[in-house]
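Commentary on secondary and tertiary structure
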Amino acid sequence: MGEYNKIILLGNLTRDPDLRYTPTGMPICEFPIAVHHRYRLNDEVKEEVCFIDIVAFGKTGEHSKNFLRKGAQVLVDGRLSQRRWETAEGKPRSKYEVVVNTVQFLNKSSPNSAEPEKNAAE
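All figures in this text were calculated on a predicted structure; none of them were measured in a lab. (Residues numbered from 1 in each chain as written. Predicted model: local features only at pLDDT ≥ 70, side-chain atom pairs only at ≥ 80, totals over all residues. Heavy atoms only, no water.)

Details of the nonpolar core
Selection rule: Buried Ala, Val, Leu, Ile, Met, Phe, Trp, Tyr and Cys residues form a nonpolar core when they are joined through side-chain atoms within 4.5 Å. Summary of the burial criterion: residues with accessible area below 20% of their type's maximum are buried, those above 50% are exposed, and those between are partly exposed, where the area comes from a 1.4 Å probe applied to protein chains only. Note on definitions: a residue-residue contact is assigned when non-hydrogen atoms from the two residues lie within 4.5 Å.
In terms of nonpolar packing, the biggest core is built from 19 residues, with Leu9, Phe31, Ile33, Ile54, Leu68 and Val74 touching the most fellow members. When near neighbours in sequence (up to four residues on either side) are disregarded, Leu68 contacts Leu13, Pro17, Phe31, His63, Val74, Val103 and Phe105.

Overview of the environment of Asp16
Rules: Only DSSP runs of H or I reaching four residues or more are called helices, and only runs of E reaching two or more are called strands; each is numbered from the N terminus. The definition of a polar contact used here is a pair of N or O atoms within 3.5 Å, where within protein one atom must be able to donate a hydrogen and the other to accept one, and adjacent residues in sequence count solely through side-chain atom pairs.
Within the fold, Asp16 resides in the loop between strand E1 (7-13) and strand E2 (18-21). The class for Asp16 is partly exposed, based on a relative accessible area of 40%. Once you skip the residues sitting within four places of it in the chain, Asp16 turns out to touch Arg69 and Lys70. Among the polar contacts made by the side chain of Asp16, one reaches the main-chain amide nitrogen of Lys70 at a distance of 2.8 Å.

A word on the pairing of strand E3 (residues 27-41)
What counts is decided by this rule: We treat two strands as partners when DSSP finds at least two bridges between them.
Summarising the sheet, E1 and E3 pair through two bridges and their orientation is antiparallel. If you follow Asn12 over to E3, its bridge partner there is Ala34. As paired strands, E2 and E3 are joined by four bridges and run antiparallel to one another. Across the sheet, the residue bridging to Leu19 is Cys29, located in E3. The antiparallel pairing of E2 with E3 creates a hairpin that spans five residues between the two strands, and Gly25 there sits at a positive phi of about 95°. Taken together, the 14 bridges between E3 and strand E4 (residues 44-57) define a ladder with antiparallel strand orientation. When the bridges of E4 are listed, Ala34 appears paired with Phe51.

Some points on the confidence of the model for the chain
Cut-off, in case you're wondering: The predictor rates its confidence in each residue with pLDDT, a number between 0 and 100.
Here the chain averages 89 in pLDDT, while 88% of its residues score no lower than 70. Predicted confidence for residues 110-122 stays below pLDDT 50, and this span has 35 contacts to residues more than four positions away or in other chains.

Right under this line is the structure:
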């Protein structure tokens, strides 16, 4: 059987995007989103929130930095990735994040442009 790694999330940014560049000049934009899930338990409505780190490369990352702000709603299509590293003390660390293929900006207006970006893809 083959493998499949695809994630589609609808959520809101919990802080402004952070854009940086690799030594070779590749843009990398990171931003966290909050995804809400509401459900009923007995007669009470409950809500749980997942906070998910998103990573966008290239033009998608640059567009994300230019057109997204804290609170903006986005639809993210990507894949789950695990980043691993060691601390200065040599302890292994890891975290999961979503590496995007596309980001669809769902807010009606953009803070940096008269024309809001609707979809950013590489």
